[in-house]
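A structural walkthrough
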Amino acid sequence: VWIQTQFVSAELMEDQLLLLLLLLESLERKIVPQQLKLVRTHLTLASFQGEARGSFNSSNISKEEQMLTIALVQLSGVQLQKDGSALPRDQPFEAVAALFVALYALNLLSG
């Protein structure tokens, strides 16, 4: 059990490191405000409760910045579909809430 726990812990740390690196790149590209708006507007609580599907439209940023934003959102447990809809995987609300808080704090600090 200890070895399995250690493996899961290492995997979690890798995801956290990747998320931090993506957030840093977002900060450097000055796209945090747009990402915050996307997360706030399109990935709502209703989409995680099955009441509605979230919608993800990132047309106001470059293709490379879209890929960065998509990676951030997907690391938070949301599967983005080709039609722009966002489907939660497992229990992603807490992870997306954490992403929102991180983007909000970075936006405040960089503004």
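For the structure itself, consult the block above.
This report concerns the structure included in the present document. Just so you know, these numbers come straight off a predicted model, no measurement behind them.

The rules behind these values
Residues numbered from 1 in each chain as written. Predicted model: local features only at pLDDT ≥ 70, side-chain atom pairs only at ≥ 80, totals over all residues. Heavy atoms only, no water. Helix = DSSP H or I, 4+ residues; strand = E, 2+ residues; numbered from the N terminus. Expected span 1.5 Å × (residues − 1). Buried < 20%, exposed > 50% of the residue type's maximum accessible area, 1.4 Å probe, protein only. Arc of directions from axis to C-beta. Salt bridge = Lys/Arg side-chain N within 4 Å of Asp/Glu carboxyl O.

**Digging into helix α5 (residues 93-110)**
Over its 18 residues, α5 extends 25 Å from the first C-alpha to the last, a length consistent with the 26 Å expected when each residue adds 1.5 Å. When α5 is considered as a whole, its buried residues turn out to be Val96, Leu99, Leu103 and Leu106. Considered in projection along α5, the buried side chains sweep an arc of 85 degrees and stay on one side of the axis. In α5, the exposed residues that point more than 90 degrees away from the buried face are Glu94, Val101, Leu108 and Leu109.

**Examining the pattern of salt bridges**
Taken as a whole, this structure holds 2 salt bridges when the rule is applied. In this structure, Glu25 and Arg29 form a salt bridge, with 3.1 Å as the shortest nitrogen-oxygen distance. With Glu25 and Arg29 both in helix α1 (residues 2-29), this residue pair falls 4 residues apart, about one helical turn. Taking the relative accessible area as the measure of exposure, Glu25 reaches 30% and is therefore partly exposed.

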